[in-house]
Amino acid sequence: MTAAPGGASSADASPADAGTAVIGDEIRRILAAATGRAEMLDIPADAPLFGQAVALDSLTGTLLLREIRERFGVDVAGEDLNLDALATLGTLAAFVGERALGGPGEAK
Amino acid sequence: MTGPVESGPVAPGRVKAGTVKAGTVKAGTVKAGTVKAGTVKCVVWDIDNTLLSGVYLESGAEPPPADPAMAAVLRELSARGILHAIASRNPPAAAEHAAQVTGGEFAAAECGWGRKSDAVARIAAELNIAADALAFVDDDPYERAEVTFALPPVLVLSPEDMTDAVGWPEFSPSVVTPEARRRGAMYAQRRRRLAAERSFGGSREEFLRSCGTRVTIAAASAADVSRLHELSERTSQFNSAGAGLAEEEFGSLISSPASGVLTVRLRDTFGDDGLVGGCVTEHGAEAWTVRLLMMSCRAMGRGVIEALLAWLIQSAAREGAHVLEVPCALNDRNVPLRLALAAAGFRAAGNQPAGGQPAGGQPAGGQAAGQASGPAGLGVPGGAVGPGRAVFRLDLGGPLPELPGWASGPGAP
């Protein structure tokens, strides 16, 4: 875990992007554990989560959202009525990153 | 530490131990809002000096016998459709011994030397039961305090309390159907199915096919009414209305030409789960509206909700409707239903004003919605989810999902 939340980095790459990549990998690991399928570790960022490759259903989806809440403190279902954040792995990582890494409204 | 725990701490809003004597409060006599009858779905038991009259590891060659009072409570609660589980600081053999001597069927057993609250949380996750539908019985005041502190919604009781509590409304479901009485056996099946799935290599769909899954959708008859009512009260993770529906209401809906009432049954080679889901639909020329969509969380991950949604979409389209809509109470419990709707392509335009009680008028939905609005600050424009209701819609003009090969329903090819 090199990209610490809060981003002490002064490099060119935005800390938010680096954080999103880390979150994406974490989501891949959660999906692999929830489905018992190691190929989840290699899914591309633009893979639709409800589509063929991942085939997220209500069971794996519930496990995924529960893990995200525990690890990142982000309540996706509480903030996204249509669960649009679950469109792809990339959209989900960005959604979680904006909130977990201190977007405009980190105050809580 | 032990002082305040002696009398058995009770979660806020529940009947206090000692204020209610066995037999003085019957299910249904307590006003809605103070206590909801039948809230405990599973009792998590300690073994030493609770299920057994003695300590398993200190008893030498001859393990202790069952505690007769607790064994009687176990049998009585099983007959009411309440599940049992074990959380014990003992080797797994102790759980087998306890099951043998008490004659109980345990849906889950956590044996180990970690914290009891962790064991209880794992049982809740494994059985898909919310913490506020669990009771925990332990003779050790320290363990009771630890679980109370870590998991406030759990109803924590001493064995002495438990003898009394059999008469409490929490342990007295208003309806007990054949499905409910077989619940313990079904969870035992579920453990065998999960073990098989873990050792199965392919996708879940391939697994469901390999174990002969059959989902049967049918029009409800009068004989289904009590089970449909029970499901409407017991389901929370898959319940669109966020409230129960009375038997009489199901009865009149079944005979009404303007609405449809469906049952969904599930079985596979591991066993027959019986009636696990249902829905109430209204058929307009332009739109089909699903007034109630519900499924037992036991059927989660077995293709049932997906099959039911696919059948509804196909049937509505075949009858010429352009839209299928599912009005849905928004609370923190039925996120799994929202996931199923999202996976099937449904979208909601936004919240309706909060405060509108769902049909049926039960307080549970309103309370749950209130929790959903919690301290998390659900204030994101456009996508925010506050307490209230939303109507999820699917335009039937697009490509329609296929009914999986293992599912069948009226009118389906």
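Because the structure is a prediction, the values reported are computed rather than measured. (Residues numbered from 1 in each chain as written. Chains lettered and ligands numbered in written order. Predicted model: local features only at pLDDT ≥ 70, side-chain atom pairs only at ≥ 80, totals over all residues.)

J.: With reference to specific residues and values, describe the overall build of chain A.
T.: The helix and strand tally for chain A stands at four helices and zero strands. Starting at the N terminus and walking to the C terminus, you meet the elements of chain A as α-α-α-α. By the burial criterion, 38% of the 108 residues in chain A qualify as buried. Taking the contacts inside chain A whose residues are at least 6 apart along the sequence as the reference set, 56% of them involve residues at least 24 apart. (Helix = DSSP H or I, 4+ residues; strand = E, 2+ residues; numbered from the N terminus. Buried ≥ 20, exposed ≤ 12 C-beta atoms within 10 Å, placed from the backbone. Contact = placed C-beta atoms within 7 Å.)

J.: Please give an account of the packing of helix 4 (residues 116-127) of chain B against helix 5 (residues 141-150) of chain B that cites residues and values.
T.: All names here are of chain B. Two elements in contact, helix 4 and helix 5, have axes separated by 8 Å at closest approach and are oriented at 55°. Between helix 4 and helix 5, the interaxial angle falls into the category oblique. Handedness of the helix 4/helix 5 crossing: right-handed. For the pair helix 4 and helix 5, contact is made by Lys116, Ser117 and Val120 and by Glu143, Glu146, Val147 and Ala150, respectively. Within the contact of helix 4 with helix 5, the residues separate by chemical class into three nonpolar, one polar and three charged. (Axes fitted to C-alpha atoms, helices over the stretch in contact; angles between N-to-C directions. Parallel < 35°, antiparallel > 145°, perpendicular 65-115°, else oblique. Left-handed = near helix turned anticlockwise from the far one by under 90°. Nonpolar A, V, L, I, M, F, W, Y, C, P; charged D, E, K, R; others polar.)

J.: How would you summarise the interface of chain B and chain A if you had to cite specific residues and measurements?
T.: Note: interface size is frequently given as the accessible area lost on complex formation between the parts. Listed per partner, the contact involves 24 residues of chain B and 21 residues of chain A. Residue assignment for the side of chain B that touches chain A shows that the elements contributing at least two residues are helix 12 (304-318), helix 13 (335-343) and strand 11 (347-352) of chain B. Broken down by element, the residue count for the side of chain B that touches chain A peaks at seven residues, all from helix 13 of chain B. Looking at the side of chain B that touches chain A, its residues break down into 16 nonpolar, four polar and four charged.

J.: Let's hear about the pairing of strand 10 (residues 323-330) of chain B: which residues, and what values?
T.: Residue and element names in this part refer to chain B. Buried residues dominate strand 10, accounting for six of its eight residues. Where strand 9 (residues 287-295) lies against strand 10, three bridges are found, and the strand directions are parallel. Note that in strand 10 the partner of tryptophan 288 across the bridge is leucine 324. Once you follow strand 9 into helix 12 and on to strand 10, the crossover reads as right-handed. Relative to strand 12 (residues 388-395), strand 10 is paired through eight bridges, and the arrangement is antiparallel. (Pairing = 2+ DSSP bridges. Right-handed = clockwise from strand over helix to strand, strands pointing away.)

J.: I'd love a proper account of helix 2 (residues 58-72) of chain A, names of residues and values included.
T.: Spacing of three or four residues puts side chains on the same side of an α-helix, whose turn is 3.6 residues. Residues and elements named next belong to chain A. Compared with the 21 Å implied by 1.5 Å per residue over 15 residues, the 21 Å span of helix 2 between its first and last C-alpha is a close match. Here helix 2 has its buried residues at Ser58, Leu59, Thr60, Gly61, Thr62, Leu64, Leu65 and Ile68. Note on helix 2: the residue one or two positions beyond its end, glycine 73, has a positive phi of about 70°. (Expected span 1.5 Å × (residues − 1).)

J.: Describe the sheet that holds strand 2 (residues 83-88) of chain B, naming the residues involved and giving the relevant values.
T.: Residue and element names in this part refer to chain B. Taken together, five strands build an open sheet; the order of strands is 3-2-1-4-5 and the sheet is parallel. Edge strands, defined here as strands with exactly one partner in the open sheet, are strand 3 (108-111) and strand 5 (155-157). In this sheet, neighbouring strand axes are inclined to one another by 20° on average, regardless of whether the strands run parallel or antiparallel. One ladder, built from four bridges, connects strand 1 (residues 42-45) with strand 2; its direction is parallel. Each bridged residue has a counterpart across the sheet, and for valine 44 the counterpart in strand 2 is alanine 85.

J.: If you had to explain unusual backbone geometry to someone new, which residues and values would you point to?
T.: Residue and element names in this part refer to chain B. We note that asparagine 49 has phi near 60°; this positive angle belongs to a residue other than glycine. Checked against the element boundaries, asparagine 49 lands in helix 1 (residues 47-51). A positive phi angle, close to 60°, is found at asparagine 128, a residue other than glycine. Locating asparagine 128 in the fold gives a position in the loop between helix 4 and strand 4 (134-137). A count of 17 C-beta atoms within 10 Å places asparagine 128 in the partly exposed class.

J.: Lay out the packing of helix 10 (residues 225-234) of chain B against helix 11 (residues 247-255) of chain B in plain terms, naming residues and giving numbers.
T.: Residues and elements named next belong to chain B. For the pair helix 10 and helix 11, interaxial distance at closest approach is 9 Å and the crossing angle is 120°. Classed by the angle they form, the pair helix 10 and helix 11 counts as oblique. In this structure, helix 10 meets helix 11 at a crossing whose hand is right-handed. Residue-level contacts link Val225, Ser226, Leu228 and His229 of helix 10 to Glu247, Phe250 and Gly251 of helix 11. Class assignment for the residues of the contact of helix 10 with helix 11 results in three nonpolar, three polar and one charged.

J.: Tell me about the environment of B:Gly251, and please be specific about residues and values.
T.: Residues and elements named next belong to chain B. Along the chain, glycine 251 turns up in helix 11. Judged by the 16 C-beta atoms lying within 10 Å of it, glycine 251 falls in the partly exposed class. Each C-alpha atom, one on glycine 251 and one on valine 261, is 9.4 Å from the other, the two residues being 10 residues apart in sequence. Not counting residues up to four positions away in its chain, the partners in contact with glycine 251 are Ala222 and Val225.

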